[in-house]
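What the coordinates show
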Amino acid sequence: AFDTEVADTVDNTGNKPVSEVVSAPMKSDLSGKIEYRVQFLISHKKLPDNSPSLKGLSPVTYYKDENGYKYTYGSTTSLEEIVDIQHHVNSKFKDAFIVKFKDGERIK
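An account of the accompanying structure is given in this report. (Residues numbered from 1 in each chain as written. Predicted model: local features only at pLDDT ≥ 70, side-chain atom pairs only at ≥ 80, totals over all residues. Heavy atoms only, no water.)

**Comments concerning helix α1 (residues 79-90)**
Heads up, the rule is: Secondary structure counts use DSSP, requiring at least four H or I residues in a row for a helix and at least two E residues in a row for a strand, with both numbered from the N terminus. Any helix carries an expected span of 1.5 Å times its number of residues minus one. Using a 1.4 Å probe on the protein chains alone, a residue whose accessible area is under 20% of its type maximum counts as buried, one over 50% counts as exposed, and one in between counts as partly exposed. For this quantity, the arc is that covered by the directions from the helix axis to the C-beta atoms. Two residues qualify as a contact provided that any one of their heavy atoms is within 4.5 Å of a heavy atom in the partner residue.
Here α1 contains 12 residues, and its C-alpha end-to-end distance of 16 Å stays within 8% of the 16 Å for a straight helix at 1.5 Å per residue. What α1 keeps buried is the set Ile82, Ile85, Gln86 and Val89. All buried residues of α1 project into a common sector of 105° when viewed along the axis, lining one side. Away from the buried face of α1 by more than 90 degrees, exposed residues Glu80, Asp84 and His87 are located. Summarising the contacts, the buried residues of α1 are in contact with β3 (34-43), β5 (68-76) and β6 (97-102).

**A closer look at the packing of aromatic side chains**
Quick note on the threshold: Aromatic rings from Phe, Tyr and Trp, with only the six-membered ring used for Trp, were paired whenever their centres fell within 6.5 Å, and each pair was classed as stacked if the ring planes differed by under 30 degrees, edge-to-face if by over 60, and tilted otherwise. Placement of a positive charge over a ring is assigned whenever Lys NZ or Arg CZ falls within 6 Å of the ring centre and within 35 degrees of the normal to the ring plane.
Per the counting criterion, the structure on display carries 4 aromatic pairs. When the ring of tyrosine 62 is compared with that of tyrosine 69, the centres are 5.4 Å apart and the planes differ by 70°; the resulting orientation is edge-to-face. An aromatic cluster of at least three residues, connected via ring pairs, comprises Tyr62, Tyr69 and Tyr71. Between the NZ or CZ atom of arginine 37 and the centre of the ring of phenylalanine 101, over which it lies, the distance is 3.7 Å. Over the face of the ring belonging to phenylalanine 93 we find lysine 55, whose NZ or CZ atom lies 4.6 Å from the ring centre.

**Regarding the sheet that holds strand β7 (residues 105-107)**
What counts here: At least two bridges found by DSSP between two strands is the condition for calling them paired. Only the contacting stretch of a helix is used when fitting its axis, a line to C-alpha atoms as for every element, and angles between N-to-C directions run 0 to 180 degrees.
With respect to topology, 5 strands assemble into an open sheet ordered β4-β5-β3-β6-β7, the strand pairing being antiparallel. Of all the strands in the sheet, the pair left with one neighbour each is β4 (60-65) and β7. In this sheet, adjacent strand axes meet at a mean angle of 50° when their direction is disregarded. Relative to β5, β3 runs antiparallel, the two being bridged by 6 bridges. Its bridge partner lying in β5, leucine 41 is registered against tyrosine 71.

**Section: the pattern of salt bridges**
Here is the rule: For this analysis, a salt bridge means a side-chain nitrogen from Lys or Arg found within 4 Å of a carboxyl oxygen belonging to Asp or Glu.
On inspection of all chains with the given rule, the structure shows 3 salt bridges. With a closest N to O distance of 2.9 Å, aspartate 65 and lysine 70 form a salt bridge. Classification of lysine 70 as buried rests on a relative accessible area of 9%. Among the ionic pairs, aspartate 95 bridges to lysine 94, the shortest N-O distance being 3.8 Å. You can call aspartate 95 exposed: its relative accessible area is 58%.

Given below as structure tokens:
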């Protein structure tokens with residue numbers, strides 16, 4: 001997930017300020033905290049960021065285990081927020097589900 005802030009910029013005519021959304025990666029202060037992500041896809045090979053298999057989800061992350069590359073979307077310590085993200089992902093991947101991480105490692 002990303003923290004979002006609004007930055008004032010000038011449009012290309014130089015006349016008036018317009019609002020532009022600027023995304024910045026969340027502060028990685030997750031040490032010792034439970035991090036929630038939505039897992040939506042497993043692949044036997046690493047997919048490029050623009051792969052049609054990702055159905056436009058970006059940015060995505062993955063972790064690898066004995067079953068392959070497991071792709072996730074979203075990252076938050078809020079269970080309420082990850083449920084909202086899961087609903088969004090379910091519109092593209094009906095079997096998407098929430099997974100938990102602690103210190104970068106998947107926990108069950």
